[in-house]
Amino acid sequence: MNIIRTDHVLEVPLDHDDPAGETIAVYAREVVAPGGEDKPWLVFLQGGPGSASPRPLGRESWVGRALDDYRVLLLDQRGTGRSARVSRHSVTRRGGPRAQAEYLSHFRADSIVRDAECFRRHLLGEARWTVLGQSFGGFCAVTYLSFAPEGLREVLITGGLPGLHARAEDVYRRTYPRVAARNAAHYARYPDDVEAVRAIAEHLRAHDVRLPDGAPLSVEAFQTLGVALGSSTGSHELHYLTEDAFEAPGVLSDAFLAEVHHRLSYATRPVFPLLHEPIYGQGPGATAWAAHRLRAEHPEFDALATDAPVYFTGEMTYPWQFANDPALAPLGEAAELLAARDSWPRLYDPAALARNEIPVAAAVYHDDMYVDRELSLATADAIRGARVWVTDEHEHDALRVSSGPVLDRLIGMVRGER
């Protein structure tokens, strides 16, 4: 079935606490089924941080299921897609590292929610809408519930209930063991990969290997391919990538290096390494490269130190990535300043969540590698009236790969049908 697309662009304050100051253009794409113009609105908040909203080709994705019930707004969160896109070029034009870091500090969930409220008032006036938040988008949805519940009709969250008080250190102390478990499961599924991956790591340790953009492929960079292990197909993809990495003895193939470059480069979403740890920043205390610091507590990720299998890391960012990746190198000093920032605005209001009156339904994935289940369930308990579906049938990317059933389940839950 055809869909009708309409572009919307709004000028919003860079700093919503300074409405008379600089503005940025934020973009959203309205998607509606023919005849569905009178359906209630749903705004989608994408995962990330740093990923643009989907570009639908038709009704083949979760968007198709949503259009049965809603008029959908696909918001490009600030810094992504067509919304003041962050890149090495756009950020370095701001001036020196301090100016760059100050600019980037306005690209977290609190600002994204206030952008969404600008769109709601522009499109709906005082009417309310439904929010669907995937992963980091779910974090944003909880921020929305905390500080602007008057704009909300319903909240649907998939794999994105944050720890209300969790700092970056708390998150990585929980996720490193989960990543280790995913590595063990991967090697149990593909036992020959133990030798194949070690051979690649040993080659990288002994040679100066470069990716197509000139970035060095170190062992540590190779290990970050493990971010895929938390997705439904990631283990298989990693197996196929590594099983024929060498085109001849001692020669890594161009095809392998090209695919690794595609997976490791942050050219398309530099917001992720810049703000992945600051999205956990609240109140006093710097994030201070938490994943990098805590890695020392998990020696199983010290590749080639023993005869043990080489373990891949997960959704962690490290300071050396800003030296290695040409798309990030000009932003390295700004990243250091963000990591050292010792005070961030609060992102969640537990008191407001305890008084919540908005229907909330959330999917929590039992073995989620990216978002800790126990932190998610504690937050669900803290949101008055929230309904939770804990499932081991799906992975973190279930909204994308199993879109209809997941969204259908949440819509039923939020309406009290299940």
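Further up the page is the structure itself.
Conventions we followed
In this numbering scheme, every chain counts its residues from 1 along its sequence in written order. This being a predicted model, a pLDDT of at least 70 is required before a residue's local features are given, and a value of 80 or more before pairs of side-chain atoms are given or counted; all residues contribute to the totals for chains, interfaces and linings. The side-chain figures draw on all heavy atoms in the structure; neither hydrogens nor water molecules are used. Each helix is a run of H or I in the DSSP string that is no shorter than four residues. Each strand is a run of E no shorter than two, and both are numbered from the N terminus. Radius of gyration here uses only the C-alpha atoms, and the compact-globule reference equals 2.2 Å multiplied by the residue count raised to the power 0.38. Residue contacts follow a heavy-atom distance rule, with two residues in contact if any of their heavy atoms lie within 4.5 Å. For every accessible area listed, the method is Shrake-Rupley and the probe measures 1.4 Å; residues are considered covered only by the protein chains on display. Counted charges follow a simple rule, with Lys and Arg positive, Asp and Glu negative, and His plus the chain ends left uncounted. Every charge is mapped onto a representative atom, which is NZ of Lys, CZ of Arg, CG of Asp or CD of Glu. Take the buried residues of types Ala, Val, Leu, Ile, Met, Phe, Trp, Tyr and Cys, join any two whose side-chain atoms come within 4.5 Å, and each joined set is a nonpolar core. Exposure is judged per residue with a 1.4 Å probe applied to protein chains only, and the accessible area is read against the type maximum: over 50% gives exposed, under 20% gives buried, and values in between give partly exposed. At least two DSSP bridges between two strands are needed for those strands to be called paired. Fitting a line to C-alpha atoms yields each axis, with helices limited to the stretch in contact; the angle taken between N-to-C directions then spans 0 to 180 degrees. Within 6.5 Å between ring centres, the rings of Phe, Tyr and Trp (the latter by its six-membered ring) count as paired, and their orientation is classed by plane angle as stacked under 30 degrees, edge-to-face over 60, tilted in between. Lysine NZ or arginine CZ positioned within 6 Å of the ring centre and within 35 degrees of the ring normal marks a charge as sitting over the ring. Helix span, expected: 1.5 Å multiplied by one less than the number of residues in the helix. Of all possible arcs, the one meant is that of the directions from the helix axis to the C-beta atoms.

A. Fine view of the overall build of the protein. Helix and strand content of the protein: 18 helices and 12 strands. Computed over its C-alpha atoms, the radius of gyration of the protein comes to 21 Å, within 12% of the 22 Å expected for a compact globule of 418 residues. Principal-axis analysis of the C-alpha atoms places the extent of the protein at approximately 65 × 50 × 40 Å. A separation threshold of at least 6 residues defines the contact pool for the protein, and within that pool the share at least 24 residues apart is 78%. Looking at the protein as shown, the accessible area adds up to about 16800 Å², and 49% of this sits on carbon and sulfur atoms. Charged side chains of the protein number 43 positive and 58 negative; the gap between the two group centres comes to 5 Å.

B. Local environment of the nonpolar core. In terms of nonpolar packing, the biggest core is built from 107 residues, with Trp129, Tyr172, Leu217, Phe222, Phe256 and Leu274 touching the most fellow members. The contact partners of Leu274, leaving out residues within four places of it in the chain, are Val86, Leu104, Phe322, Leu331, Ala335 and Leu338. Counting residues in hydrophobic clusters, the runner-up holds 26 residues, among them Trp62, Tyr70, Leu410 and Met413.

C. Expanded view of the sheet that holds strand β4 (residues 71-75). With mixed pairing, 8 strands are arranged side by side in an open sheet as β1-β2-β4-β3-β5-β6-β11-β12. At either end of the open sheet lies a strand with only one pairing partner, and these are β1 (4-13) and β12 (387-391). In this sheet, adjacent strand axes meet at a mean angle of 20 degrees when their direction is disregarded. Here strand β11 (residues 360-365) pairs with β12 via 5 bridges, running parallel. Across the sheet, Ala361 pairs through a bridge with Arg387, a residue of β12. The strands that helix α4 (residues 109-124) touches are β1, β2 (23-32), β3 (41-45), β4 and β5 (129-134); relative to β1, the one it contacts most, it runs at about 120 degrees. Together, β11 and β12 form the strand contacts of helix α16 (residues 373-382), whose direction differs from that of β11 by roughly 165 degrees.

D. How the structure looks around the packing of aromatic side chains. Counted by the stated rule, this structure contains 11 aromatic pairs. For the pair Phe44 and Trp62, a centre-to-centre distance of 4.4 Å together with 45 degrees between the ring planes defines the contact as tilted. Linking Phe44 in strand β3 with Trp62 in helix α1 (residues 62-67), this pair joins segments that are 18 residues apart in sequence. Each of the two residues, Phe44 as well as Trp62, counts as buried. Measuring from centroid to centroid gives 5.4 Å for Phe222 and Phe312, while their planes differ by 65 degrees, and the two rings are edge-to-face. Within this pair, whereas Phe222 is found in helix α8 (residues 219-223), its partner Phe312 is found in the loop between α12 (290-294) and α13 (321-324), the two being separated by 90 residues in sequence. Under the relative-accessibility criterion, Phe312 is labelled buried at 0%. Each residue in the set Tyr176, Tyr187, Phe301 and Tyr311 is aromatic and connected to the rest through ring pairs, giving one cluster. Positioned over the ring face of Tyr27 is Arg82, at 4.0 Å from the centre of the ring. Between Arg341 and the ring centre of Trp344, over which it is positioned, the NZ or CZ distance is 4.4 Å.

E. Region of the structure containing helix α5 (residues 136-147). The end-to-end C-alpha separation of α5 is 17 Å, in line with the 16 Å expected for 12 residues at 1.5 Å each. Here α5 lies mainly inside the structure; 11 of its 12 residues are buried. Those residues of α5 lying buried are Phe136, Gly137, Gly138, Phe139, Cys140, Ala141, Val142, Thr143, Tyr144, Leu145 and Ser146. Lining the buried residues of α5 we find β3, α4, β5, β6 (152-158), α15 (350-354) and β11.

F. Spotlight on helix α10 (residues 254-264). Three or more residues of α10 are buried, namely Phe256, Leu257, Val260 and Leu264. Down the axis of α10, the buried set is contained in an arc of 95 degrees. They therefore lie on one face. Exposed side of α10, more than 90 degrees from the buried face: Asp254, Ala255 and His262 are the residues found there. Here the buried face of α10 lies against α7 (193-206), α8, α9 (234-243) and β8 (251-252).

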